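# Remarks on the overall topology
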Amino acid sequence: MDFIFSFFIIGGIIVAAINGRIDIILDAAVSSAEGAVQRSINLIGIICLWLGIARVAEKSGLIAALSKAIAPVFRWLFPSIPKDHPALGCILMNLSANMLGFGNAATPFGLKAMQELQTLNDTPDTATDAMCTFLAINTSSVTIVPATIIALRTSAGSKNPTEVVASILFVTTCSTLAAVVFDYIFRFFSRRKTHF
């Protein structure tokens, strides 16, 4: 990817210089930098709100209660994780943040979940089944309320920033189901292969 992006950037500068339009490159760089800062500031409030809610939920014991409530689903998805292991709470918070469209806020919980899952790993240089399942679900994650996308569309001046909610919910549900199914299939064939 570094090579591809470098090629496009350098190629664009060379073509602009040949055509005597280097001012376009400078204008685009400045306006893009300004836009990136403005979007970052717009997202700070959303991310801070979610992280605050997550912290309150963690301190109040809500995460532990939710972990027990969804234990049957997690037991099927993550059979190798012990019942009250801290990884379940981190996975729950990560998936909750992703479902609400706060991808940036989900990252710390995802990293913590992987650290906790690593404590259950007998072979530290190889990912466990639970790690692979979590990564597949995290990457494909069902998004019920795409808050970050709505915020970006609002900051970009969209007249109807929520019109994408239904299509995003449909697509992410399909992607998550596909991730779970293929994870199960690959895990099944991997186990059969090791038995032979």
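Remember, it's a predicted structure, so these values are computed and weren't measured experimentally.

### Focus: the environment of Gln115
Assignment of secondary structure puts Gln115 in helix H6 (residues 103–118). Judged by relative accessible area, Gln115 falls into the exposed class, the value being 53%. When the C-alpha atoms of Gln115 and Cys90 are compared, they prove to be 9.8 Å apart, with 25 residues separating the residues in sequence.

### Focus: the pattern of salt bridges
When the charged atoms of two side chains lie near each other, side chains of opposite charge can form a pair. Enumeration according to the criterion identifies four salt bridges in this entry. Close ionic contact of Asp23 with Arg21 constitutes a salt bridge, the shortest N to O distance being 4.0 Å. Asp23 sits in the partly exposed class, given a relative accessible area of 38%. Among the residues examined, Arg21 registers a relative accessible area of 42% and is labelled partly exposed. With its nearest N and O atoms 2.9 Å apart, the salt bridge here joins Arg153 to Glu163. One end of the pair, Arg153, is in helix H8 (residues 147–155); the other, Glu163, is in the loop between H8 and helix H9 (165–195), with ten residues separating them in the sequence. Look at Arg153 and you get partly exposed, because its relative accessible area is 22%.

### A look at the environment of Leu88
One can find Leu88 in helix H5 (residues 86–99). When its relative accessible area of 6% is taken as the criterion, Leu88 is described as buried. Note: C-alpha distance between Leu88 and Leu117 (29 residues apart in sequence) is 9.1 Å.

### Side note on the nonpolar core
Nonpolar side chains in soluble globular proteins generally cluster together in the buried interior. Ranked by internal contacts, the top residues of the largest apolar core, which has 17 residues, are Phe74, Phe78, Ile81, Ile91, Leu117, Phe134 and Ile137. When residues of this core are traced back to their parent elements, those giving at least two are helix H4 (71–77), H5, H6 and helix H7 (129–140). When residues in this core are grouped by element, the largest group, six residues, is from H5. Excluding its chain neighbours within four sequence positions, the residues that come into contact with Ile137 are Leu77, Phe78, Leu95 and Val180.

### A word on a nonpolar patch on the surface
Together, Met1, Phe3, Ile4, Phe5, Phe7, Phe8, Ile9, Ile10, Ile13, Ile14, Ile18 and Ile22 make up a nonpolar patch on the protein surface, roughly 1,300 Å² of accessible area in all. The element best represented in the nonpolar patch is helix H1 (residues 2–18), accounting for ten residues. Within the fold, Ile22 resides in helix H2 (residues 22–60). Classification of Ile22 by relative accessible area gives partly exposed; the value is 39%.

### Notes on the packing of aromatic side chains
The way to describe two aromatic rings as a pair is by their centre distance and the angle between their planes. Going through the model one piece at a time under the given rule, you end up with four aromatic pairs. Summarising the aromatic geometry, the rings of Trp76 and Tyr184 are spaced 6.3 Å apart at their centres and angled 20° between planes, so their arrangement reads as stacked. Of this pair, Trp76 sits in helix H4 while Tyr184 sits in helix H9, placing them 108 residues apart in sequence. For Tyr184, a relative accessible area of 47% gives the class partly exposed.

Conventions and cut-offs
Residues numbered from 1 in each chain as written. Predicted model: local features only at pLDDT ≥ 70, side-chain atom pairs only at ≥ 80, totals over all residues. Heavy atoms only, no water. Helix = DSSP H or I, 4+ residues; strand = E, 2+ residues; numbered from the N terminus. Buried < 20%, exposed > 50% of the residue type's maximum accessible area, 1.4 Å probe, protein only. Salt bridge = Lys/Arg side-chain N within 4 Å of Asp/Glu carboxyl O. Core = buried A, V, L, I, M, F, W, Y, C linked by side-chain atoms within 4.5 Å. Contact = heavy atoms within 4.5 Å. Patch = residues over 30% accessible without salt bridge, like charges linked within 9 Å, V, L, I, M, F, W, Y side chains within 5 Å. Areas by Shrake-Rupley, 256 points an atom, 1.4 Å probe, with all protein chains shown as cover. Phe/Tyr/Trp six-rings, centres within 6.5 Å; stacked < 30°, edge-to-face > 60°.

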